[in-house]
Amino acid sequence: MITHGKTIKIFSGNANPKLAKDISDILGIPVGSAKVGTFSDGEISVDINETVRGVDVFVVQSTNSPVNNNLMELLIMIDAFKRASAGRITAVIPYYGYARQDRKAKSRDPITAKLVADLITAAGADRVLTMDLHASQIQGYFDIPLDHLLGVPILSRYFEDKGFREDEDVVLVSPDLGSVTRTRKFADRLQAPMAIIDKRRPKANVSEIMNIIGDVRGKTAILVDDMIDTAGTIVNAANALKDLGAKEVYACCTHGVLSGPAFERINNSAIKELVMLNTIDVPANESSEKITSLSVAPIFAEAIRRIYDDVPLSILFEED
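Being a predicted model, the structure only gives us computed values, none of them experimental.

1. Notes on the overall build of the protein
Next, step 1: Of the regular secondary structure elements, the protein holds nine helices and 14 strands.
Next, step 2: Relative to the compact-globule value of 20 Å for 320 residues, the protein shows a C-alpha radius of gyration of 21 Å, a close match.
Next, step 3: Summarising its shape, the C-alpha atoms of the protein cover approximately 60 × 45 × 35 Å along the three principal directions.
Next, step 4: Partitioning the intrachain contacts of the protein with sequence separation of at least 6 by distance along the chain shows that 64% fall at a separation of at least 24.
Next, step 5: A total of about 14800 Å² of accessible surface is found on the protein, and carbon and sulfur atoms cover 48% of it.
Next, step 6: Charged side chains of the protein number 36 positive and 43 negative; the gap between the two group centres comes to 3 Å.

As structure tokens, then:
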């Protein structure tokens, strides 16, 4: 419950209004009145239907599919609040899109993660609150304060409650080299060993060869990733683990992008259960019996309360 004397208001775009409502309910305040739609030619239309002058405004908007629409909604809402003399504007972005292009992997590549950071800053945001950026260095792309929440504590707590902590038959598996650090933190929390999948493509148009670094035979394997998009990598990894003797295969991620053939691949895979956070709203008609969704509303509500009360957020970043 908010007891501070200052005014705080939470607004939502169209990306994940349910999450914004859950956060507001925890804080004990209503979602601000705003209408975000489009003109007949497709341009974004924003109407803020209550005063925000001098208010501490939090705009909850993930930049998932449709990415460009959701990003423009966020930018235009920030601009509207800035021009309406809001006291401080925090962009709450549970899932930060365009994060995979964070460097020049080859000649003439754009760095869209930096471009989007510049757009958010230019629109008038005073700070950003997000979770599990695809690459941690994106924090440095912003010239305004950024608070970076972690999804591992929520996910690991779920598996602890299932009795997987200190279980000698459990192994945490990184699906690629990029997820090793995240998987190691997860393994430390469950006090379990870890394994790494090494993927190589010998030549163009030839399927990947997978090698497992670590022991998975007869064990319950838990694959850990930050996001699952088309599910190709995670499904191939799960099937490979099963072929190499894993007893059961679970998978978990912070962001369930789940585009294209993702649901079909997951349903037909060796994955027993996919656990993900609700940073992205998955439509009910696109759900799967294998998918379990955990809420990030409590941690975002606590982060917003701490930002609003001007108290440290460091306790929310701690791995332990």
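2. Some details on the domain arrangement of the protein
Next, step 1: Split into domains, the protein comes out as domain 1 (7-149 + 297-317) and domain 2 (152-289).
Next, step 2: Distance from the C-alpha centre of domain 1 to the C-alpha centre of domain 2: 28 Å.
Next, step 3: Taken together, the contact between domain 1 and domain 2 spans 13 residues of the former and 14 residues of the latter.
Next, step 4: Contact with domain 2 buries surface across domain 1, with Tyr-95, Arg-100 and Asp-132 losing the most and accounting together for 41% of the total.
Next, step 5: In this structure, the connection of domain 1 to domain 2 is made through one salt bridge.

3. Some remarks on the pattern of salt bridges
Next, step 1: Within the structure shown, the criterion is met by 18 salt bridges.
Next, step 2: Asp-79 is the partner of Arg-83 in a salt bridge, and the nearest nitrogen-oxygen pair spans 2.8 Å. Of this pair, Arg-83 and Asp-79 both sit in helix 2 (residues 67-83), separated by four residues, roughly a single helical turn.
Next, step 3: You can call Arg-83 exposed: its relative accessible area is 69%.

4. Some thoughts on the packing of aromatic side chains
Next, step 1: Enumeration over the complete set of coordinates arrives at seven aromatic pairs.
Next, step 2: Where Phe-159 meets Tyr-250, the ring centres are 6.0 Å apart and the plane angle is 85°; that geometry is what we call edge-to-face. Of this pair, Phe-159 sits in helix 4 (residues 152-161) while Tyr-250 sits in strand 12 (residues 248-256); the two residues are 91 residues apart in sequence, bridging distant segments of the chain. For the pair Phe-159 and Tyr-250, a shared accessibility class is recorded, and that class is buried.
Next, step 3: Exposure remark for Tyr-250: the relative accessible area of 5% places this residue in the buried category.
Next, step 4: Three or more aromatic residues link up through ring pairs in this structure, and these residues are Tyr-158, Phe-159, Phe-164, Phe-186 and Tyr-250.

About the cut-offs
Residues numbered from 1 in each chain as written. Predicted model: local features only at pLDDT ≥ 70, side-chain atom pairs only at ≥ 80, totals over all residues. Heavy atoms only, no water. Helix = DSSP H or I, 4+ residues; strand = E, 2+ residues; numbered from the N terminus. Rg over C-alpha atoms; globule rule 2.2 N^0.38 Å. Contact = heavy atoms within 4.5 Å. Areas by Shrake-Rupley, 256 points an atom, 1.4 Å probe, with all protein chains shown as cover. Lys, Arg positive; Asp, Glu negative; His and termini not counted. Charge placed at Lys NZ, Arg CZ, Asp CG, Glu CD. Domains from an automatic or database assignment. Buried area = accessible area lost by both parts, 1.4 Å probe. Salt bridge = Lys/Arg side-chain N within 4 Å of Asp/Glu carboxyl O. Buried < 20%, exposed > 50% of the residue type's maximum accessible area, 1.4 Å probe, protein only. Phe/Tyr/Trp six-rings, centres within 6.5 Å; stacked < 30°, edge-to-face > 60°.

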